[in-house]
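Single-letter residue listing:
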Amino acid sequence: AQSVTQLGSHVSVSEGALVLLRCNYSSSVPPYLFWYVQYPNQGLQLLLKYTSAATLVKGINGFEAEFKKSETSFHLTKPSAHMSDAAEYFCAVRFFSGGYNKLIFGAGTRLAVHP
Amino acid sequence: ETGVTQTPRHLVMGMTNKKSLKCEQHLGHNAMYWYKQSAKKPLELMFVYSLEERVENNSVPSRFSPECPNSSHLFLHLHTLQPEDSALYLCASSQDLGRSNYGYTFGSGTRLTVV
């Protein structure tokens, strides 16, 4: 069975500080992993994805994530937080069920950035 | 604009009303999805369509009725809803069901309030 766990439903950082959002996955096959961001009253926007190429993946807005198979993790980081990064972030894993591939999402982590 | 357009953005309806949510994509995608996003709960996959054929109905109550007349349009018909159905309803599309390593493209959602 495949699943996604995001540790910490709320994370608060100061502007300019490191952002670290944690995601662990469970997958019986090599996973495809994704991070999405959701701003208030908006849909989800793809930040970055891991599809078995480079283990360090760079995304939009200065975010990146590193796939660590030994730790079954795909944590999202950004060196310096900006006020505009305040949003909810979702980790997702692709899995195969019912004859086709689909995405399942973690519960989300709400990031607050304070001055 | 993400390429997936949802209308209306906001909807307030009584429990005896009938209304419809509309989703439109012109990305050339062949798969479309309805998700429900409630406060403090993970995204719930409701329906999956591939080439206008429904491939998944995730134990969704019959008061939600999807329709996919063509690969560019997806509707969610609502009738006799309950207050607990109040949520953000998100539409998404992907190239097809087998290649979701490309991720999904989401619309901005319809914020539904049932009174």
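Residues numbered from 1 in each chain as written. Chains lettered and ligands numbered in written order. Predicted model: local features only at pLDDT ≥ 70, side-chain atom pairs only at ≥ 80, totals over all residues. Heavy atoms only, no water.

*Asks:* In this structure, what is going on with the sheet that holds strand β8 (residues 73–79) of chain B? I would like to understand it.
*Replies:* Where strands meet in a sheet, backbone hydrogen bonds hold them as pairs that are either parallel or antiparallel. Residues and elements named next belong to chain B. The strand order across the open sheet built from four strands is β1-β3-β8-β7, with neighbouring strands paired in antiparallel fashion. At either margin of the open sheet sits one strand with a lone partner, and together these are β1 (4–7) and β7 (64–70). Averaged over all pairs of adjacent strands, the angle between their axes in this sheet comes to 20 degrees, without regard to strand direction. Across seven bridges, the pairing between strand β3 (residues 18–25) and β8 is antiparallel. (Pairing = 2+ DSSP bridges. Helix = DSSP H or I, 4+ residues; strand = E, 2+ residues; numbered from the N terminus. Axes fitted to C-alpha atoms, helices over the stretch in contact; angles between N-to-C directions.)

*Asks:* I tried to follow the nonpolar core on my own but got confused; where do I start?
*Replies:* The nonpolar side chains of a soluble globular protein tend to be buried with one another. Ranked by size, the top nonpolar core spans 26 residues in total, and within it A:W35, A:L48, A:F74, A:L76 and A:Y89 carry the most contacts. Only β2 (10–14), β3 (19–26), β4 (33–38), β5 (44–50), β7 (64–68), β8 (73–78), β9 (87–97) and β11 (109–114) of chain A provide two or more residues apiece to this core. In this structure A:Y89 touches A:Q6, A:L21, A:W35, A:Y36, A:V37, A:L47, A:F63, A:L76, A:G108, A:T109 and A:L111, once residues within four positions along its chain are discounted. Ranked by size, the runner-up nonpolar core spans 22 residues in total, among them B:M32, B:W34, B:Y49 and B:L78. (Core = buried A, V, L, I, M, F, W, Y, C linked by side-chain atoms within 4.5 Å. Buried < 20%, exposed > 50% of the residue type's maximum accessible area, 1.4 Å probe, protein only. Contact = heavy atoms within 4.5 Å.)

*Asks:* Would you mind going over the interface of chain B and chain A with me for this structure?
*Replies:* How big an interface is tends to be stated in terms of the accessible area lost upon association of its parts. Opposite the 22 residues of chain B that make contact, chain A presents 20 residues. Buried area between chain B and chain A, summed over both chains or domains, comes out near 1,800 Å², and the portion from carbon and sulfur atoms is 52%. Applying the counting rule to chain B against chain A returns zero salt bridges. At the surface where chain B touches chain A, the tally comes to five residue pairs in polar contact (both at pLDDT 80 or more). (Buried area = accessible area lost by both parts, 1.4 Å probe. Salt bridge = Lys/Arg side-chain N within 4 Å of Asp/Glu carboxyl O. Polar contact = N/O pair within 3.5 Å; in protein donor to acceptor, adjacent residues only side chain to side chain.)

*Asks:* How should the state of the cysteines be read in this particular structure?
*Replies:* Should the sulfur atoms of two cysteines be covalently bonded, the bond is a disulfide. Scanning the entire structure with this criterion turns up two disulfides over all chains. The partner cysteine of A:C23 in its disulfide is A:C91, sulfur to sulfur 2.0 Å. An S-S torsion of about -65 degrees defines the bridge between A:C23 and A:C91 as left-handed. Here A:C23 is found in strand β3, whereas its partner A:C91 is found in strand β9, with 68 residues between them in sequence. Pair check on accessibility: A:C23 and A:C91 agree, each one buried. The disulfide partner of B:C23 is B:C91, and the gap between their sulfur atoms is 1.9 Å. Because the sign of the S-S torsion sets the handedness, a value of about -75 degrees for the bond joining B:C23 and B:C91 places this disulfide among the left-handed ones. Highlighted residues: B:C23 in strand β3 and B:C91 in strand β9 (residues 87–94), separated in sequence by 68 residues. By the burial criterion, B:C23 is buried, and B:C91 matches it. Unpaired in this structure, B:C68 has its nearest cysteine sulfur neighbour in B:C91, at a distance of 9.0 Å. (Disulfide = S-S within 2.5 Å.)

*Asks:* Where do I start with the confidence of the model for chain B in this structure?
*Replies:* Interpreting fine coordinate detail is not advised for predicted regions of low pLDDT. Averaged over all residues, the pLDDT of chain B is 90; the fraction at 70 or higher stands at 95%. No element of chain B has a lower mean pLDDT than strand β6 (residues 53–57) of chain B, which averages 81, and none a higher one than β3(B), which averages 97. (pLDDT = per-residue confidence, 0-100.)

*Asks:* Explanation requested: the pattern of salt bridges in the structure shown.
*Replies:* Charged atoms that come close allow side chains of opposite charge to pair. All names here are of chain A. Across all of its chains, the model carries six salt bridges over all chains by this definition. Among the salt bridges present, the one from E64 reaches K58, with a minimum N-O distance of 2.8 Å. Under the relative-accessibility criterion, E64 is labelled partly exposed at 22%. Residue K58 is classed as exposed on the basis of its relative accessible area, which comes to 61%.

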